[in-house]
Amino acid sequence: QVQLVESGGGLVQPGGSLRLSCAASGSIFSIYAMGWYRQAPGKQRELVAPIISGDSLKSADFVKGRFTISRDNAKNMLFLQMNSLEPEDTAVYYCNAQVEAGSGYREVWGQGTLVTVSS
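Since the structure is predicted, the reported quantities are computational estimates derived from the model, not experimental observations. (Residues numbered from 1 in each chain as written. Predicted model: local features only at pLDDT ≥ 70, side-chain atom pairs only at ≥ 80, totals over all residues. Heavy atoms only, no water.)

## Remarks on the sheet that holds strand β1 (residues 3-7)
Next, step 1: Spatially, β1-β3-β8-β7 is the arrangement adopted by the 4 strands of the open sheet, whose pairing is antiparallel. Of all the strands in the sheet, the pair left with one neighbour each is β1 and β7 (67-72). If you compare each strand with its neighbour and ignore which way they point, the axes differ by 15° on average.
Next, step 2: Inspection of the sheet shows β1 paired to strand β3 (residues 18-25) by 5 bridges, in the antiparallel sense. (Pairing = 2+ DSSP bridges. Helix = DSSP H or I, 4+ residues; strand = E, 2+ residues; numbered from the N terminus. Axes fitted to C-alpha atoms, helices over the stretch in contact; angles between N-to-C directions.)

## Notes on the environment of L114
Next, step 1: Along the chain, the position of L114 falls in strand β11 (residues 113-117).
Next, step 2: Distance in space between the C-alpha atoms of L114 and Y93 is 6.2 Å, their sequence separation being 21 residues.
Next, step 3: Excluding anything up to four places from it in sequence, L114 contacts G9, G10, A91 and V92. (Contact = heavy atoms within 4.5 Å.)

## Overview of the packing of aromatic side chains
Each aromatic ring pair is described using two quantities: the centre-to-centre distance and the angle formed by the ring planes.
Next, step 1: Counting across every chain of the model gives 3 aromatic pairs.
Next, step 2: Ring geometry for Y37 against W109: centres 4.8 Å apart, planes inclined by 65°, an arrangement best described as edge-to-face. Separated by 72 residues along the polypeptide, Y37 in strand β4 (residues 28-39) and W109 in strand β10 (residues 104-109) bring together distant segments of the chain.
Next, step 3: Using a relative accessible area of 31% as the deciding quantity, one classes W109 as partly exposed.
Next, step 4: In this structure, R45 is placed above the aromatic ring of Y94, and the distance from its NZ or CZ to the ring centre is 3.8 Å.
Next, step 5: A cation over a ring is seen here: R45 above W109, with NZ or CZ 4.6 Å from the ring centre. (Phe/Tyr/Trp six-rings, centres within 6.5 Å; stacked < 30°, edge-to-face > 60°. Buried < 20%, exposed > 50% of the residue type's maximum accessible area, 1.4 Å probe, protein only. Lys NZ or Arg CZ within 6 Å of the ring centre and 35° of its normal.)

And the structure:
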């Protein structure tokens, strides 16, 4: 069984930075894609930054280069570095992975970590 656990969220001042972490565990044979999503109050969940097979990295247009996705293969972790945070970035941030596991293809979501940007 594959599990994703996010951490690193919290309260930060506008203009500040946070680094989110996502730890993957379980019997993962292959990862097709993974990335970070977020869901703000009263909004639909949206893609923030994806990473696909081949380590191709891309961020959504609305973050305007402020966010950077990265991966540590040795520790089986995914990260999201968020800089110049704005109140509009307040949301629950979710780690997502599309994997081939023992039970076949699965899309896995973490429980989310709350980021609050407020003065």
